[in-house]
Amino acid sequence: MTKKVAVILSGCGVYDGAEIHESVITLLRLDQRGAQVQCFAPNIAQMHVINHLTGEEMPESRNVLVESARIARGEVKDIREANAEDFDALIVPGGFGAAKNLSNFAVEGTNCSVNPDVLALAEAFADACKPVGLICISPALAAKIYGPGVVCTIGNDAGTAAAVEKMGGKHEECDVHDIVEDTQRKLVTTPAYMVAKSISEAAGGIYKLVDRVLELTHEGDQ
């Protein structure tokens, strides 16, 4: 039975949107495993636009949904159209877009809030006990989605791990090639480019995450 997976993108580019390598690796692995995928993104302005060549902010505005369409080859929908009942699992790649566009973690830290539409969708998956995969910096949002006690990883960055703990999460250090699973909540996380030094290193953990998320969707299958 083909499993349906929703993927939330946060723009296009590591410094102001979805991390492109992480997003493509995720989509590739889902396709290799025969999953049916639909990408979603919030139809909002990015927090800001970064010149990825220089790292400097650019004096322009871009839309998160429009930018996400670059990665999804146009096959992306407004997150307000997403319904957790239509999918078996949810995966959120990293990139600063998760901390700037899907939430304001990059600015507010532990006092951050998650975009209401993103939060509503993620909470719907959590409430239905459907598997969720959070990659790279995205697990920083786990406590906002699941509440206190949720187990997750962002790798081994002490500052970010402390922020996760302060928000109520239980952080576990994790190697780039591995995953951390909160079995009670069916949440799978991996550090990817929070730790990775190359695309192949990032791919190792992401492949494990996608495989495990898909395995969890089969629990209870007859």
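Residues numbered from 1 in each chain as written. Predicted model: local features only at pLDDT ≥ 70, side-chain atom pairs only at ≥ 80, totals over all residues. Heavy atoms only, no water.

- In the nomenclature of an unreviewed UniProt entry, the chain corresponds to Glyoxalase from the organism Pseudomonas kermanshahensis.
- A UniProt comment under Function (unreviewed entry) is attached to the chain, and it reads "Displays glyoxalase activity, catalyzing the conversion of glyoxal to glycolate." (UniProt positions renumbered as here; feature names shortened; annotations may be inferred.)

1. Things to note about the sheet that holds strand β11 (residues 187-190)
Sheet strands associate in pairs through backbone hydrogen bonding, adopting either a parallel or an antiparallel arrangement.
Move 1: Strand order in this open sheet of seven strands is β5-β2-β1-β6-β7-β11-β10, and the pairing throughout is mixed. On the outer flanks of this sheet lie β5 (76-78) and β10 (180-182), each paired with one strand and no other. Mean inter-strand twist for the sheet, computed between neighbouring axes without regard to direction, equals 25°.
Move 2: Judged from the three bridges that link them, strand β2 (residues 36-41) and β5 form a sheet pairing that is parallel. Of the residues in β5, the one forming a bridge with phenylalanine 40 is lysine 77. (Pairing = 2+ DSSP bridges. Helix = DSSP H or I, 4+ residues; strand = E, 2+ residues; numbered from the N terminus. Axes fitted to C-alpha atoms, helices over the stretch in contact; angles between N-to-C directions.)

2. A short note on the pairing of strand β6 (residues 89-92)
Move 1: Here β6 shows two buried faces, one formed by Ala89 and Ile91 and the other by Leu90 and Val92.
Move 2: Looking at chain direction, strand β1 (residues 4-8) and β6 are connected through three bridges and run parallel. Its bridge partner being in β6, valine 5 is matched across the sheet by alanine 89.
Move 3: Taken together, the three bridges between β6 and strand β7 (residues 132-135) define a ladder with parallel strand orientation. In the strand pairing of β7, leucine 90 is matched with valine 132. (Buried < 20%, exposed > 50% of the residue type's maximum accessible area, 1.4 Å probe, protein only.)

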